[in-house]
Amino acid sequence: MQDHGTQDGDSAVRRARFGALPERIAHEDMVEVKAASPRDPERDTGTPGAGNLLACLAWDLVL
């Protein structure tokens, strides 16, 4: 059986050394909501199939 006086003394030492836990942060304070930007048609232009060419080159370098 534990002595409650020792447990309280240990708790006091622990609290003096480490202090208290920080306050909890609400989920709403951790999340930032932004509106999505519209698609940029300039970014979507390019040669069709260029991505396939790059993928094939990447596989050739691996093998």
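Structural data are supplied above this passage.
Predicted model only: the values in this text are computed from it and were never measured.

The rules behind these values
Residues numbered from 1 in each chain as written. Predicted model: local features only at pLDDT ≥ 70, side-chain atom pairs only at ≥ 80, totals over all residues. Heavy atoms only, no water. Helix = DSSP H or I, 4+ residues; strand = E, 2+ residues; numbered from the N terminus. Areas by Shrake-Rupley, 256 points an atom, 1.4 Å probe, with all protein chains shown as cover. Patch = residues over 30% accessible without salt bridge, like charges linked within 9 Å, V, L, I, M, F, W, Y side chains within 5 Å. Salt bridge = Lys/Arg side-chain N within 4 Å of Asp/Glu carboxyl O. Buried < 20%, exposed > 50% of the residue type's maximum accessible area, 1.4 Å probe, protein only.

Asker: Lay out the overall build of the chain with the relevant residues and their values.
Answerer: Of the regular secondary structure elements, the chain holds 4 helices and 0 strands. Along the chain, helices (α) and strands (β) appear in the sequence α-α-α-α when read from the amino end. Accessible surface, the chain as shown: approximately 6800 Å² in total, 58% of it carbon and sulfur.

Asker: Kindly report on a nonpolar patch on the surface, identifying the contributing residues and their values.
Answerer: Nonpolar side chains collect at one region of the surface, where Ile25, Met30, Val31 and Val33 lie side by side and expose about 440 Å² of accessible area between them. Tracing the sequence through the fold places Val33 in the loop between α2 (27–30) and α3 (41–44). Judged by relative accessible area, Val33 falls into the exposed class, the value being 74%.

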